[in-house]
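Residue-level structural notes
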Amino acid sequence: MNRFFLFLILVSFVSCSEEKPKLDETVDYSAWNLSNPPDTLWGVDVSHYQGKIDFDDLEEGAHFVIIRSSIGSSGKCDQRFYGNYARAAKSHLLLGFYHFFYFDRDGELQAKIFLDATNGKRNNFPLIIDFEESKVVNNPKEMNIDSSVYNLRKMVDYLQLQGKDVMIYSNRHCYAKYNIASNFPGVKLWVADYNAMFVTEDFPDCYIQQYACDGSVYGIPANVDLNVIVDSKMIITPEKQPQ
């Protein structure tokens, strides 16, 4: 790994309020082959909160982008999903999608909404379920744990029955509180942890780590989450764009 970038990552862990971390400006991200990605990849996840993204510029500072496609069970897509996808699909970035999960809504219905939004689109990742507590949506910390896990199970099961590989995103707190590892053995994990690097020892099924929440990257006008994939061969599907 580039020593400069490793140093930059480590100093960024102190707090999300510290100086904004950046993806390594010394790496030539355009010089790698989409069909044969390197083991360690760096990238971002985005939603409408990041504003209008210049994906040509983003290619200069990232290997991949994971786009929020859908939210809850109302059939609502992220406000910028279609525009983000249309521009990202023309880039050389590896692409993925995530659905923001509502704890109190039927999991199977949420799975169908996720599939409706993403089927037929270029996708190099498992389908990702964003499972996290939030005060501003339907996921307060007071939600019943058993019913929340039950709805998540219904979503995971339905996606798997459709032949989809599935990944769950969350943080250390939710993984422990909702017993994600034991309730969903073998399901790939994406862990948000801003205080340690390469957390695979604590989470054997972790393949992506979100290591910063206020990053600065070419092509994105707002703060953005930064992520690292430790072993791309285990999760990346180097498929071509659908014809």
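Look a little higher up for the structure.
In this report, the structure presented in the accompanying data block is examined. Quick caveat, the model's predicted, so the values are computed rather than measured.

A closer look at unusual backbone geometry
In this structure, N179 is a non-glycine residue whose phi angle is positive, near 50 degrees. With respect to the helices, strands and loops of the structure, N179 is situated in the loop between α6 (172–177) and α7 (180–183). According to the relative accessible area criterion, N179 is partly exposed, its value standing at 42%.

Focus: the environment of L58
Mapped onto the secondary structure, L58 falls in helix α2 (residues 55–58). For the pair L58 and V44, spaced 14 residues apart in sequence, the C-alpha to C-alpha distance is 9.4 Å. If we ignore the near neighbours within four places in the chain, the residues touching L58 are V44, I53, V65, L93, V217, Y218, G219 and I220.

Quick notes on the nonpolar core
Across soluble globular proteins, nonpolar side chains show a tendency to be buried alongside one another. In this structure, V44, L58, V65, L152, L159, I168 and I180 are the most contacted members of the largest nonpolar core, which totals 54 residues. Among the elements that take part in this core, helix α5 (residues 145–161) stands out by supplying 6 residues, more than any other. Counting 16 residues, the second-largest nonpolar core is a separate cluster that includes F64, F125, W190 and A192.

Let's talk about the packing of aromatic side chains
All chains considered together, the criterion is met by 13 aromatic pairs. Ring geometry for W42 versus Y211: centroids 6.1 Å apart, planes at 90 degrees, classification edge-to-face. With W42 in strand β1 (residues 41–46) and Y211 in strand β8 (residues 206–215), this residue pair connects regions lying 169 residues apart in the sequence. Grouping residues by exposure puts W42 and Y211 together as buried. Ring plane angle 90 degrees and centroid distance 5.1 Å describe the contact between F131 and Y178, whose orientation is recorded as edge-to-face. With a gap of 47 residues between them, F131 in the loop between β5 (127–130) and α5 and Y178 in the loop between α6 and α7 connect regions that are remote in the sequence.

Things to note about the layout of surface pockets
When its volume is computed, the largest pocket comes out at roughly 550 Å³. Together, 28 residues line the largest pocket, and S47, Y49, R68, Y98 and F100 are the ones closest to its centre. Residue composition of the lining of the largest pocket, grouped by class: 12 nonpolar, 8 polar and 8 charged.

Thoughts on the pairing of β5
Judged by which residues are buried, β5 turns out to be covered on both faces: L127 and I129 on one side and I128 and D130 on the other are all buried. Across 3 bridges, strand β4 (residues 94–100) lies against β5 in parallel orientation. Bridged to H99 within β5 is I129. Note that the unit made of β4, helix α4 (residues 107–118) and β5 has a crossover that is right-handed. Note: β5 against strand β6 (residues 166–171), 4 bridges, orientation parallel. Residue pairing across strands places L127 opposite V166, the latter belonging to β6.

Examining the pattern of salt bridges
Tallied over the entire structure, the rule returns 9 salt bridges. Between E108 and K112 there is a salt bridge; the shortest N-O distance is 3.4 Å. Of this pair, E108 and K112 both sit in helix α4, 4 residues apart, which is roughly one turn of the helix. Judged by relative accessible area, K112 falls into the partly exposed class, the value being 36%. K177 is the salt-bridge partner of E133, the closest N and O atoms lying 2.7 Å from each other. Taken together, the residues E133 in the loop between β5 and α5 and K177 in helix α6 connect sequence positions 44 residues apart. Residue classification places K177 among the partly exposed residues on the basis of a relative accessible area of 23%. Bridged by salt links that share partners, the residues R172, D193 and D202 form one connected network.

Criteria and cut-off values
Residues numbered from 1 in each chain as written. Predicted model: local features only at pLDDT ≥ 70, side-chain atom pairs only at ≥ 80, totals over all residues. Heavy atoms only, no water. Helix = DSSP H or I, 4+ residues; strand = E, 2+ residues; numbered from the N terminus. Buried < 20%, exposed > 50% of the residue type's maximum accessible area, 1.4 Å probe, protein only. Contact = heavy atoms within 4.5 Å. Core = buried A, V, L, I, M, F, W, Y, C linked by side-chain atoms within 4.5 Å. Phe/Tyr/Trp six-rings, centres within 6.5 Å; stacked < 30°, edge-to-face > 60°. 1 Å grid on protein atoms, 1.4 Å probe; cavity = no way out; pocket = protein on both sides within 12 Å on 5 of 7 lines; lining within 4 Å. Points joined across faces, edges and corners; volume = space filled by probe spheres on them. Nonpolar A, V, L, I, M, F, W, Y, C, P; charged D, E, K, R; others polar. Pairing = 2+ DSSP bridges. Right-handed = clockwise from strand over helix to strand, strands pointing away. Salt bridge = Lys/Arg side-chain N within 4 Å of Asp/Glu carboxyl O.

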